[in-house]
Amino acid sequence: MAIINKTILGVTIECIEGDIASQAGITAVVNAANAQLRMGGGVAGAIHRAAGPGLEEECRPLAPIKPGEAVITGGHNLPNRYVIHCLGPIYGMDKPEDGLLAKCYRNALQLAEQHKIGSIAFPAISTGAFGYPVEDAADVAFRTIIEMIPKLKYIKRIRFVLYSARDLEIHEKTLSRIISRKKGVRGNF
Ligand code: AR6
């Protein structure tokens, strides 16, 4: 169930609690990848397990990637046509963290546009093993996405899949706050 659902210039941003590896009806899911684009834990574990070994095989020639970068592959056994793999910054190590995290979201959306993708689901990149505080990461993610919305031609639906009720609540509050501030400044939201 979508707890929050906001439409800006024809693009819907929604937040739900769930598993990124079971998002049927979404064209591309985003992987919070490691540099080698291998299985790993957290999101990368869930995505590779559900996709099957063909995904690692397709990833091999595309690795390694650097923080902020994104690459696209097929979805294999996932219910999605594509996986977009992003390497988020390790908090306290890859600097500037906010700039690199913003780059992940920008690059993922750009790749999706290049492939004429209409719907995309993100996990909260960098907020697990990479230690990025969830509040700060949500702020960067939504600001970056909202900034890009006027340039999007194909993407109509952007879903955040959060792994706990707490993370969902943080994302919900952050998105509402950013949108209500923007409304005060511009009339087109
Ligand atoms: N669906 C949605 N969200 C999830 C899921 C899931 N199945 N599993 C975890 N999360 P992480 P990172 C949440 O660690 O911080 C990996 O081992 C999790 O609670 O997956 O970018 C890779 O191999 C957290 O809020 O990604 C890399 O080495 C968020 O997703 C490294 O971890 C991201 O957690 C990447 O670290």
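The coordinates are above.
Residues numbered from 1 in each chain as written. Predicted model: local features only at pLDDT ≥ 70, side-chain atom pairs only at ≥ 80, totals over all residues.

## Things to note about the environment of Cys15
Thought 1: In this structure, Cys15 sits in strand S2 (residues 11–17).
Thought 2: Note on Cys15: 26 C-beta atoms within 10 Å, which makes it buried.
Thought 3: Along the primary structure Cys15 and Phe160 are separated by 145 residues, whereas in three dimensions their C-alpha atoms are 4.6 Å apart. (Helix = DSSP H or I, 4+ residues; strand = E, 2+ residues; numbered from the N terminus. Buried ≥ 20, exposed ≤ 12 C-beta atoms within 10 Å, placed from the backbone.)

## A closer look at the nonpolar core
Thought 1: Val29, Ile47, Ile84, Cys86, Ala108, Ala112 and Ile120 are the most contacted members of the largest nonpolar core, which totals 57 residues.
Thought 2: For this core, the element with the most residues is helix H3 (residues 97–114), which contributes nine residues.
Thought 3: Excluding its chain neighbours within four sequence positions, the residues that come into contact with Cys86 are Val30, Asn31, Ala32, Ala33, Ala70, Cys104, Asn107, Ala108 and Ile125. (Core = buried A, V, L, I, M, F, W, Y, C linked by C-beta atoms within 7 Å. Contact = placed C-beta atoms within 7 Å.)

## Notes on the site of the ligand
Thought 1: Taken together, 23 residues lie around the ligand, and Ala32, Asn34, Gly40, Gly42 and Gly128 are the ones closest in.
Thought 2: With four residues, helix H1 (residues 42–51) is the single largest residue contributor to the shell around the ligand.
Thought 3: Taken together, the residues of the shell around the ligand sort by class into 13 nonpolar, eight polar and two charged. (Near = placed C-beta within 6 Å. Nonpolar A, V, L, I, M, F, W, Y, C, P; charged D, E, K, R; others polar.)

## A closer look at the pairing of S2
Thought 1: Note that strand S1 (residues 4–8) and S2 share five bridges and pair antiparallel. From the neighbouring strand, Ile4 faces S2, where its bridge partner is Cys15.
Thought 2: Following S1, the chain reverses through two residues before pairing antiparallel with S2; Leu9 in that reversal takes a positive phi of roughly 45°.
Thought 3: Inspection of the sheet shows S2 paired to strand S7 (residues 157–162) by six bridges, in the parallel sense. (Pairing = 2+ DSSP bridges.)

## Side note on the sheet that holds S2
Thought 1: Pairing in this open sheet of seven strands is mixed, and the strands run S1-S2-S7-S6-S3-S5-S4 from one edge to the other. A single partner strand is all that each edge strand has here, and the edge strands are S1 and strand S4 (70–74). Averaged over all adjacent pairs, the angle separating strand axes in this sheet is 20°, with direction ignored.
Thought 2: Against the sheet, H3 makes contact with strand S3 (28–32), S4, strand S5 (82–86) and strand S6 (119–122), and its axis sits at roughly 155° relative to S5, the strand it touches most. (Axes fitted to C-alpha atoms, helices over the stretch in contact; angles between N-to-C directions.)

## Observations regarding the packing of H3 against helix H4 (residues 134–148)
Thought 1: In the contact formed by H3 and H4, the axes pass within 9 Å of each other and the chain directions differ by 40°. In this view, H3 runs oblique relative to H4, as classed from their interaxial angle. Considering the relative orientation of H3 and H4, their crossing is right-handed. Residue-level inspection shows Asp98, Leu101, Ala102, Tyr105, Arg106 and Leu109 of H3 in contact with H4, the latter providing Ala137, Val140, Ala141, Thr144, Ile145 and Met148. (Parallel < 35°, antiparallel > 145°, perpendicular 65-115°, else oblique. Left-handed = near helix turned anticlockwise from the far one by under 90°.)

## Let's talk about H3
Thought 1: Helix length check: H3 (18 residues) gives 26 Å between terminal C-alpha atoms against 26 Å at 1.5 Å per residue, within 8%.
Thought 2: Listing the buried residues of H3 in full gives Glu97, Leu100, Leu101, Ala102, Lys103, Cys104, Tyr105, Ala108, Leu109, Leu111 and Ala112.
Thought 3: Lining the buried residues of H3 we find S3, S4, S5, S6 and H4.
Thought 4: After H3 finishes, the residue Lys116 shows a positive phi value of roughly 55°. (Expected span 1.5 Å × (residues − 1).)

## What to know about the environment of Val11
Thought 1: Tracing the sequence through the fold places Val11 in strand S2.
Thought 2: A C-alpha to C-alpha distance of 30 Å links Val11 and Arg49, two positions 38 residues apart in sequence.
Thought 3: Apart from residues lying up to four places away in sequence, Val11 is in contact with Ile149, Leu152, Ile155, Lys156 and Ile158.

## Here we look at unusual backbone geometry
Thought 1: For the bond from Ala63 to Pro64, the omega torsion is 0°, close enough to zero to count as cis.
Thought 2: Relative to the helices and strands, Pro64 resides in the loop between helix H2 (53–59) and S4.
Thought 3: The backbone of His76 sits at a positive phi, close to 50°, despite the residue not being glycine.
Thought 4: Residue position: His76 is located in the loop between S4 and S5.
Thought 5: Using a count of 18 C-beta atoms within 10 Å as the deciding quantity, one classes His76 as partly exposed.
Thought 6: With a phi angle near 75°, Ser126 is a residue other than glycine that sits in the positive phi range.
Thought 7: Along the chain, Ser126 turns up in the loop between S6 and H4.

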